[in-house]
Structure formats: C-alpha cells, structure tokens
Amino acid sequence: MRLGLMAVPVAFFALFFAYPVTAIVGRGLGADDGLRFGRIGEVLGRQDILDVLWFTTWQALASTALTLLIALPGAYVFARFAFPGKQVLRAVVTVPFVLPTVVVGTAFLAVLGRGGLLDELWGVRLDTTVWAILLAHVFFNYAVVVRTVGGLWSQLDPRQEEAARVLGAGRFAAFRRVTLPALVPAVAAAALMVFLFTFTSFGVVQILGGPAYSTLEVEVYRQTAQLLDLPTAAVLTLVQFAAVGAILAVHAVTVRRRERALKLVDPAQTSRRPRGAGQWALLGGVLSTALLLILLPLGVLVERSLDGPEGYGFGYYRALQSAGSGASSTFLVPPLEAVGNSLRYALVATLIALVVGGLAAAALTRRAGRLVRGFDALLMLPLGVSAVTVGFGFLITLDKPPLDLRTSWILVPLAQALVGVPFVVRTMLPVLRAVDERLREAAAVLGASPLRAWREVDLPLVRRAVLVAAGFAFAVSLGEFGATVFIARPDTPTLPVAVARLLGRSGELNYGQAMALSTILMLVCAVSLLLLERIRTDRSGEF
C-alpha cells in the first residue's frame, strides 16, 4: 500500500525534478569528447565568478545576522506577551513570507529607489546598494524567525527560569543558563533557513542590486538568458546545488536536536500582559519595527501605484488593459492579462501539488525505515534547490519527444507545483499522523478498501488541513518567479514576470504599471494568507 502511494510522487519528482537537475550536472561536466571535470576548475578560477561566490556568501551571512538581530525581540513578544490584535499582527508579519520576491523588490524600490520615499524626503537613494538588499531580506525573512523561534519559546516552561532567579541568578544569567540553551536549536534552525533563502536570492537582488551585485542565482540567469553561456551556468548550478545540499544536511541535524531536546507546555500557560515600563517599551519597539519594516514598504507600494501624472487615481491600473503606449515594446498582450494567466496557472499548480503532496503525505503517515526517510528528504529538495536551476533544467531537458513541453502551457504549472508540494506535505502530514490508526483498522474490518477508508475516515478529519495546504500551494505558485521567468511564453506572462519586464524598461508609465501589478499580486497573496489564518488548525497553520 505504501509503495503504491509513493509511486505517483516518485514518478513526478523523477521526471520534473531529478531528470532536469541530472541533465544540468551532465551539461556542466560534459563535452563532445566525454566528461571534463576540469571545466569546474576553469569556471571557478575566473575572478568574476569568485566575486559572485564571495558576494553570495557574505550577503547571506549578513542578512541572516541582521534578521536575527531585528526579529528575535519580536519572537519573544509573540511568545510571552498577550495583547489586543496579536493574531492580526501575527498574520501581518507573515505576509512578506508568502509574497513573491519581485513584489518585495518593487516595494523597497518604492521606498529606497529613484523618486522613492527617502529620495523625496531627504534626497537619499539606497537602491543599487547592498543595504537595500539586506533590508529587503530582513523584510522577507522576519516571519521565519518569529514563527520558528517564537513557536518554541512560547512552549518553554517559564518556571524553570523563575526557579533559577529564586536561587540567586540575575535576570540575564537565568536567561543565559536556562532559556538560551533550550532556544539554541530553534535559533540555529531559523538561521539556517534564512541563510538558505538569502543564499539563493534572485528577484530581490536582481531588482535592487543593479549590475553591481550578483548572487549565484542571478548569475545563472545572466549566463543563460543574456550571455547564452550554458556550460558556465551549469557549473554554477552544480556549485549551488552542492552548497544547498550541505546547508540542508546541517539543517536536518539541527531539527533532529530540536525534536528530542525539551519537555514543552501549553503556550496558553506562558503568555501574559506586559508588566513594567521595560516590557511595554519592548512591545512598543516591536510594533514600531513591524510598522516601519513591513507596513511602510507595502503602503508606499500601494501609494505609488495610485500616484499618476495627473494626480492620484487608477490611471496606471487602467493602462494595464492596453498593450499599446509605454507597454508596446514590453508585452505582446495587455499586462492585465497576466492576472488571469497567473490565476489559471496557480489553480492548476495547486491541484497538481494537492494530488502529489497528498499521496506523499499519506505514504509518510507511518514512520518506517530509511526508504521512507529518503523519500521525505526528496520531497523537501525543491525548497532548497534554486528555482532558476529548475527553470534552466526544464529548458534543456523537456524539449524533445516524448517530453517536448516547451511550447505547452502545462510547463509553468508543473514548475510551480514543485515548490507547492513541500508545503502540502508539511501541512497535511502532522494531521494525518494524529488520526487514530484504530479508525482505519475498523473500516478495514468492516470491508472498506484502502481508498474507501481514506475517503471515509481520513479525509473528513483532515479537510481543514487540505484547505490550508491548498492555500499555501496557491500562494507560492502565484508568486513563483525564478523558474517561470525562463519558461513563461511572451504571450502568456505571469504576474511576477510581467512586473520584472516592466521594471526592466525605462519610463514613468512602465514604473507605475509595475507598481500597480505588484499591488494586485500583493493583495491576492495577502487575502490567501488571511484566509489561511481563519481556517487553519493550531498545528497545520505553522511553518
């Protein structure tokens, strides 16, 4: 039964993930006269490539450190304080995590770029600087630290730290000796996730970094789409694949340490109203940070989309309905059609992700052996492997019978579903494992087939988890950019691709339309997330 459930997910990942990645490995090492392992040394010996590797690494380290510095106080506030609007604020700080990186880059461009808020108020521009990239990465990953560290912090028994203080330890000493060691695995796991996301950053760096800054992800795209140097791009993909594999291995060890370390309590027992001036000041500081870091860029993005040449209005939104004027050299169709394209692609991708991820979660319900653990790890790989790598792999593999899909519309949803499947699995798996096995056994005794037992027993119990999984898959599919930018056809662009094209053209109209499309995409993603917060179960809604 388990092997039957695994068949479809394994086939899906073999065809649309392992096959393209393997082909890239062959392209990176191959030549007409056989394998050339020296090609890796040739590419990595170039100074421009070494500069890209150095910048990719140090900006990821800097982004991770800055994110931890800013987000850890927020994790404490959400874990220990009870205050009005806490659930709403939790949803608000999570919005950036599901936003496409193109929208994040555009929002910060509206604050930090030419004609942006800082430029208008003080004549300061930070676009094309590393500070814009670092701040955008903090904006994007703030919720990762708050949810990961805060989720564990809220379940730590505060009486242990109080006991240390009764025995004579000061506040800081009690925290350092009791709470901090318990939090280290969660902080390490959050740091590794942030490092992973920033190490593979693409849309943010491409929009805010300009030509002066390039990560591995951006350089793969440049070598492929602009310079047509496929061997160099393939070697860089190999390097990134190895680096991501090492990061995921370290992350897996950290997660295992976290799972076996602690005895936890109900979070409701640890949350209370702030007491004293210091705690109220901390709460005010966290709220101010959320306002400046998260709400300000999104608010300025909306304001710029409404600020037309003739005053505030919906002029840029109306211009999206036409392929003429400033958009004539950028699109073959009206930019507004990208909205419909994205919605259709995301719906199909969500359906694929639910089928593949649902079967995979059902197969993983019972823990057993190395085979199942290896299958579980396979499902998580798309979150760590570059989306640009996946799109590049689709280009060089799915171009001949029997898998000649380069001109087919289904190619985009397939790429998007690869990113959605891990979210479906991680959302459904805890709920499926919580279902009492005796219910399935009773159904089998009464003559129900495995399929009918799933339909009659499991599905009613996990229906809400399925809805949450569908929402996450829809949101990440809607905003997928790294792979889609390679494979989306010019006459059927998606929203993120359309935004990137508009930002790549000069002119006030193109800029305004990019802001308008980004606002539309932001609103759709935000509505999806808020719906998730309403229907989620206590456990299925966390990441």
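Novice: Which parts of the structure should I look at to understand the environment of Gly-285?
Specialist: By the secondary structure assignment, Gly-285 is in helix α13 (residues 276-306). Judged by relative accessible area, Gly-285 falls into the partly exposed class, the value being 33%. Separated by 212 residues in the primary sequence, Gly-285 and Pro-73 have C-alpha atoms spaced 8.8 Å apart.

Novice: So what exactly am I meant to see when it comes to the side chain of Thr-215 here?
Specialist: Relative to the helices and strands, Thr-215 resides in the loop between α10 (203-208) and α11 (216-226). Owing to a relative accessible area of 0%, Thr-215 belongs among the buried residues under this scheme.

Novice: Even after reading the chapter, I still don't get the environment of Gly-504, so can you show me in this structure?
Specialist: Tracing the chain through its elements places Gly-504 in the loop between α22 (495-503) and α23 (508-535). Of the residues examined, Gly-504 reaches a relative accessible area of 64% and is grouped as exposed. C-alpha of Gly-504 to C-alpha of Ala-514: the two residues are 10 residues apart in sequence and 9.7 Å apart in space.

Novice: Would you mind showing me how to read the packing of aromatic side chains here?
Specialist: One pair of aromatic rings is described through two measures. These are the centre distance and the angle between the planes. Evaluated as defined, the whole model comprises 13 aromatic pairs. Considering the side-chain rings of Phe-195 and Phe-199, the 5.7 Å spacing of their centres and the 25 degrees angle between planes classify their relative orientation as stacked. Note that Phe-195 and Phe-199 are positioned in helix α9 (residues 171-199) at a spacing of 4 residues, about one turn of the helix. The same class applies to Phe-195 as to Phe-199, namely buried. When the ring of Phe-202 is compared with that of Phe-481, the centres are 5.3 Å apart and the planes differ by 20 degrees; the resulting orientation is stacked. Separated by 279 residues along the polypeptide, Phe-202 in the loop between α9 and α10 and Phe-481 in the loop between α20 (450-479) and α21 (484-487) bring together distant segments of the chain. Just as Phe-202 is buried, Phe-481 falls in that class too. Linked through ring pairs, Phe-12, Phe-13, Phe-16, Phe-17 and Phe-394 together constitute an aromatic cluster.

Novice: Before we go on, may I ask you to explain helix α4 (residues 86-98) in this structure?
Specialist: Residues separated by three or four positions in an α-helix point in the same direction, a consequence of the helix having 3.6 residues per turn. With 13 residues, α4 should cover 18 Å at 1.5 Å per step; its first-to-last C-alpha distance of 19 Å lies within 8% of that length. The complete set of buried residues in α4 reads Lys-86, Leu-89, Arg-90, Ala-91, Val-93, Thr-94, Val-95, Pro-96, Phe-97 and Val-98.

Novice: Please explain the packing of helix α5 (residues 101-112) against α22 as it appears in this structure.
Specialist: Working note: a packed helix pair is described by the angle between its axes plus the distance between those axes. The N-to-C vectors of α5 and α22 enclose an angle of 35 degrees; their axes lie 9 Å apart at closest approach. Considering only the axes of α5 and α22, their crossing is left-handed. Two secondary-structure elements touch here, α5 through Val-102, Thr-106 and Leu-109 and α22 through Pro-496, Val-499, Ala-500 and Leu-503. Looking at the contact of α5 with α22 residue by residue, the classes come out as 6 nonpolar, 1 polar and no charged.

Novice: What is the right way to look at the pattern of salt bridges in this model?
Specialist: Pairing between side chains becomes possible if they bear opposite charge and their charged atoms approach one another. Under the counting rule described, the total for this entry stands at 5 salt bridges. Across the pair Arg-222 and Glu-219 runs a salt bridge, and its minimum N-O distance is 2.7 Å. Note that Arg-222 and Glu-219 are positioned in helix α11 at a spacing of 3 residues, about one turn of the helix. The salt bridge involving Asp-491 is made with Arg-489; its shortest N-O contact spans 3.6 Å. In this structure, a network of salt bridges that share partners links the residues Glu-120, Glu-303 and Arg-304.

Conventions we followed
Residues numbered from 1 in each chain as written. Predicted model: local features only at pLDDT ≥ 70, side-chain atom pairs only at ≥ 80, totals over all residues. Heavy atoms only, no water. Helix = DSSP H or I, 4+ residues; strand = E, 2+ residues; numbered from the N terminus. Buried < 20%, exposed > 50% of the residue type's maximum accessible area, 1.4 Å probe, protein only. Phe/Tyr/Trp six-rings, centres within 6.5 Å; stacked < 30°, edge-to-face > 60°. Expected span 1.5 Å × (residues − 1). Axes fitted to C-alpha atoms, helices over the stretch in contact; angles between N-to-C directions. Left-handed = near helix turned anticlockwise from the far one by under 90°. Contact = heavy atoms within 4.5 Å. Nonpolar A, V, L, I, M, F, W, Y, C, P; charged D, E, K, R; others polar. Salt bridge = Lys/Arg side-chain N within 4 Å of Asp/Glu carboxyl O.

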